[in-house]
Each structure stands twice: as C-alpha cells, then as structure tokens.
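Letter by letter, the chains look like this.
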Amino acid sequence: MAARAPKPATFDHNGPTQRDKIAIQDASAYILRLGVVISVVVMFFGLVLALFHNGLTKHEILTHTVSTDWPKLGQSLRRFDGFAFMDLGVLLLVLTPILRVATATLLFAVEEHDRFYTVVTFLVLVMTVSSLLFIS
Amino acid sequence: MHAPEAAAVLFIIEVVIASLAGGVLGSIAGIGGGVIIVPVLTIFLGMNIRYAIGASIVSVIATSSGAGSVYVKDRITNIRIAMFLEVATALGAIVGAALLAPLLPGNVLAVLFGITLLVSLIPIFRKFGEELPEGVVDDALARRLRLDGSYYDKRLGREVQYQVTGIPAATGYMFAAGVISGLLGIGAGVLKVLAHEIAMKVPSKVSTATSNFMIGVTAAAASGVYLRRGLVLPAVVVPVAAAVLVGAFLGTKLMERMSNNLVRQVFAFALALIGCQMVLRGIGVLG
C-alpha cells in the first residue's frame, strides 16, 4: 500500500523558509484510516488461517480469548496460528486511537507549543495505555 | 491443512448476517453499531452478555474511526473540545469497565442495556438542540481553553463560526457517557451528541463529528480492560467488526435513496422492540 503523507497545513504564514506545520487533524485522519485498514486485514487473515489451516471449531470461537501474553504471541505468529493473527489484529485496532492520542501529544508539544493541551492529551495517553497494561 | 468444523462456519455466517443487519438497522435509525450488536449477539445467537460486550467495544473502534477520520480531515471536528473532554470519557470508560461492570450481574447489564437502547432512540422522535445555535457566548472556561471554532458548512455554502458554553456540565455528561461506554460496550454516541448540543450548544454537524472522534479513544480505554479480563473473543470480533462496517456503509447508501423521516421511525420502532426485549429478559419475564 502506498503510504500517503499527511498534507501539511497551508494556513501557516511564517515565511517561505520555515516548513509548514503538520496539522493534528491530518495526522489523526491518516493514523485512524491506516490503523483500521491494517488491523482489519490482519484480523481477517487470521480468521481465514484459523478456518482453513488450523481447522477452527465452534468451541474455540466461544472460548479462545485474546492473549495478553505478548512474548507468547510472537511465538504463535511464527507458527502461523490463526488466532495469533486475530489477536494481533485486535491489539492493533485498540492501539489505533491510542497512537492517534500519542501523535496529538507530540504535535501539541513540538508544533503548537501548547503546554495545556500537551498535558491534556498526555493524560488521556496515560489512561489508555494503563488500561491496556495494568487495569483489569 | 484442516477443514473447519461445520458448526464453526455456520456460527460465523450467523454472526456476519446478524452484524450486517445490525449495521444497516443502526445506520438507518442514526445510532451506532454497538448498541445493536450486543442485543443481536445475546438474543439471537445466545452469547453470554459479557462476551457480547467485549466483542462490541472492540468493533466500535473500527466503526467510529472510519467516519471520525473523514470529519477530522474535513475540519468539522473540534479537536480541542475532543481532546479536553476525552479526559472525562476515558476516565469514565475505565471506571465503567474495571470497577462497575464486574459488580453488576448479567441480567442487570441486560436491563441497563435495554434502557440505554430506548433512550438512544429518543432523538429520532424529538429533535434536540438547534442546527445552528444562535446567541451563544463563550463561558470563562471555554475562553481559557480556546474551544470556539468554525467549520465550512457544505449545505449552507459558507464558513460557520460558533461559540461554546457549559463546559462543566458537558464534562459531567461526558464522564457519564464514558461510564456507560465501559459498562455496556457501546460508543454512547447519542449521549455524547446530546452533551455537545444541549450543554455546549455547538452546531449539530460539529457535535456529530466531534463525538465520533472521541468514541475511538473511549472505546480503546474500555477495550484495554476487557482484553486483560479475557472477555474479548477474537473469532467473534473479526466477523462482527467487518460486517458492521459493511452494514453501516450499506445503510448510509440506502438512507440516501429514502431520505424520509418515516422510514427512520419505523426502524427505530423495530429497535425499540429489541430494547424492550432486553429489559424483559433481564428481569426474567422472557427466557
């Protein structure tokens, strides 16, 4: 897939020598779209693999939950286990909005020099990442 | 190579058909996928409600991100409002998913779900807020946070400037929307839109775009908890997410052909029946 770079904002009038700012809107749209497409493709590949390579059973559908044991996930991916790809796809999908928040934090800090919104987005980032890592 | 079990293939086909129908129904009635997917998985496919909620909350990320990315690229989304209120929705989602959901028995979840579905249908029968609110003055907080904005309205053919008010109330609504999201595995888009239109008085296009943008983060915060709890069945999530996306797209196309409020109300009536069924099941009247 051809990677489309986010279009730079055109309303920045800091003179011709300075490059245009990366707009948070464009970066967000790009990450959301790319993240959803990649994760859906990976998940779908996993389901097809599980169905026709591993011989999926209804019992497995209703009992196999996403593994949060990341080192084990890597091993299963190498074994071409369909569920490992579905797990990875689900994880990528959950990471998509989180990555969007991380990018906004970075852009508010580096491009906008907006301390308040840098802190606000960083708080959201901390909450979403900790829900994935610690909270249950 | 191993052939899949026939029962497994049949189950996936059932999930796809049910989610497709849910996606079409939801987008025609103007409400999100999650609020339909959970009843469909529990009532028609007999799934445990906690697993249905786990599958739904992850799929919500996919459906909200699609529409969310278009609005944000077109500069209709107010990203400052979104980022500021995401603190409240993400916190609410974690509280709902991690603290509240485990405390409530499955049948209470079903009753809450049915009630939420019925409440979500209210805006179809009664329009809240105004298309373009007039005479709104920025409140002190909105001014400090620079939340006012503008967008280009394609239908009106002009740039629309708007002010924002009622931030403390909106923050409260958003926290509540987050709790419901985390508890029931839905985007709670209707509640977010109401907070935007009733409390903050932003134009309805901006409120739809902005709440769509926020739903992904709310759902991600709740999803993390559901993943760690072992309540996400990936082989259910995949067909649900894919079919709801396609269903919502088809629903939007259908809507363009029959842009008629009566049609929406008929669909909303069908959803109201599903909502009532969830309540009745929860209180044990229906098996």
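The written sequence of each chain sets the order in which its residues are numbered from 1. Written order determines the labels here, with chains lettered from A and ligands numbered from 1. The predicted nature of this model means local features are confined to residues of pLDDT at least 70 and side-chain atom pairs, given and counted, to a pLDDT of 80 or more, with totals for whole chains, interfaces and linings taken over all residues.

On to the overall build of chain A, then. Per the convention used, a helix needs a DSSP run of H or I reaching at least four residues, while a strand needs a run of E reaching at least two, with both numbered from the N terminus. Helix and strand content of chain A: 5 helices and 0 strands. The secondary structure elements of chain A, listed N-terminal to C-terminal, are α-α-α-α-α. Throughout, a pair of residues is in contact if the C-beta atoms placed from their backbones lie within 7 Å. In chain A, once contacts between residues fewer than 6 apart in sequence are set aside, the share between residues at least 24 apart is 61%.

As a further point, take the overall build of chain B. Summing up its helical and strand segments, chain B has 11 helices and 2 strands in all. For chain B, the α and β elements follow one another from N to C terminus as α-α-α-α-α-α-β-β-α-α-α-α-α. To get the radius of gyration, use the C-alpha atoms; to get the globule rule, take the number of residues to the power 0.38 and multiply by 2.2 Å. Scaling as 2.2 N^0.38, a compact globule of 287 residues should have a C-alpha radius of gyration of about 19 Å, and chain B matches this with 19 Å. When the backbone C-alpha atoms are referred to their principal axes, chain B occupies close to 60 × 45 × 45 Å. Buried, partly exposed and exposed are defined by the number of other C-beta atoms within 10 Å of a residue's own C-beta, namely 20 or more, between the two limits, and 12 or fewer respectively, with C-beta atoms placed from the backbone. The 287 residues of chain B split such that 59% are buried. A fraction of 81% describes how many contacts in chain B between residues 6 or more apart in sequence connect residues 24 or more apart.

With that settled, consider the pairing of strand β2 (residues 158-162) of chain B. Residue and element names in this part refer to chain B. Here strand β1 (residues 149-153) runs beside β2; their pairing, made up of 5 bridges, is antiparallel. Bridge pairing in β2 places G149 opposite Y162. Pairing between strands is defined by DSSP: at least two bridges between them are needed. As consecutive antiparallel partners, β1 and β2 are separated by 4 residues, and within that stretch G157 has a phi angle of approximately 70°, a positive value.

Before going further, it helps to spend a moment on the confidence of the model for chain B. All names here are of chain B. Confidence scores labelled pLDDT are given residue by residue by the predictor and lie between 0 and 100. Across chain B, pLDDT averages 86, with 93% of residues at or above 70. Taken element by element, the predicted model of chain B shows its lowest mean pLDDT in helix α11 (residues 261-282) (81) and its highest in helix α4 (residues 79-100) (95). Of the two predicted TM-score estimates for the complex, the pTM is 0.88 and the ipTM is 0.89.

To continue, consider the interface of chain B and chain A. Opposite the 49 residues of chain B that make contact, chain A presents 51 residues. Counting only elements with at least two residues in the side of chain B that touches chain A, the list comes to α1 (6-29), α3 (49-73), α4, α9 (204-229) and α10 (234-257) of chain B. Of the residues belonging to the side of chain B that touches chain A, the class tally is 33 nonpolar, 9 polar and 7 charged. Polarity classes work like this: nonpolar for Ala, Val, Leu, Ile, Met, Phe, Trp, Tyr, Cys and Pro, charged for Asp, Glu, Lys and Arg, and polar for all others, with Gly in that last group.

Our next topic: the nonpolar core. When buried Ala, Val, Leu, Ile, Met, Phe, Trp, Tyr and Cys residues are joined through C-beta atoms within 7 Å, the set is termed a nonpolar core. Counting residues in each nonpolar core, the largest one holds 143 residues, and the members touching the most others are V90(A), V94(A), A55(B), V58(B), V232(B) and V237(B). Of the residues forming this core, the biggest block, 15 residues, is contributed by helix α4 (residues 82-110) of chain A. Not counting residues within four places of it along the chain, the set of residues in contact with V237(B) comprises V90(A), A55(B), V58(B), S59(B) and V232(B).

Here the focus is unusual backbone geometry. With phi around 50°, H113(A) is a residue other than glycine that occupies positive phi space. As for its placement among the helices and strands, H113(A) is situated in the loop between α4 and α5 (115-133). A positive phi angle is found at A188(B), which is not glycine, with a value near 55°. Looking at where A188(B) falls in the secondary structure, it is placed in the loop between α7 (167-184) and α8 (189-199).

Another point: the packing of α4(A) against α9(B). Each axis is a line fitted through C-alpha atoms, and for a helix only the stretch in contact is used; angles between axes span 0 to 180 degrees, taken between their N-to-C directions. Across the interface, α4(A) lies against α9(B) with an axial gap of 8 Å and an inter-helix angle of 130°. The pairing of α4(A) with α9(B) is recorded here as oblique in orientation. Relative to α9(B), α4(A) is oriented so that their crossing is left-handed. Every residue of α9(B) that contacts α4(A) at V94(A), P97(A), I98(A) and V101(A) is listed here: G216(B), V217(B), A220(B), S223(B), G224(B) and L227(B). In the contact of α4(A) with α9(B), the residues fall into 7 nonpolar, 3 polar and no charged. Any angle that falls under 35 degrees is termed roughly parallel, while one over 145 is termed roughly antiparallel, one within 65 to 115 roughly perpendicular, and all others oblique. Crossing handedness is defined as follows: a turn of the near helix away from the far one that is anticlockwise and smaller than a right angle gives a left-handed crossing, while the clockwise case is right-handed.

On to the confidence of the model for chain A. Per-residue pLDDT for chain A averages 85, and the proportion of residues at 70 or more is 85%. Low pLDDT, under 50, characterises residues 9-16 of chain A; the stretch is placed with 6 contacts to residues that sit more than four places away or in other chains.

Now for the environment of G46(A). All names here are of chain A. Topologically, G46 is positioned in helix α1 (residues 24-52). We classify G46 as buried; it has 26 C-beta atoms within 10 Å. Sequence spacing of G46 and G89 is 43 residues, and the spatial spacing of their C-alpha atoms is 8.1 Å. Apart from the residues within four sequence positions on either side, G46 is in contact with G82, F83, F85, M86 and G89.

Another point: α7(B). Residues and elements named next belong to chain B. Given a rise of 1.5 Å per residue, 18 residues ought to cover 26 Å, and the 25 Å separating the end C-alpha atoms of α7 matches this to within 8%. Judged by how many residues are buried, α7 sits mostly within the fold: 13 of 18 residues are covered. Downstream of α7 by one or two residues, G185 has phi in the positive range, about 70°. In this analysis, the expected span of each helix is defined as 1.5 Å times one less than the number of residues it contains.

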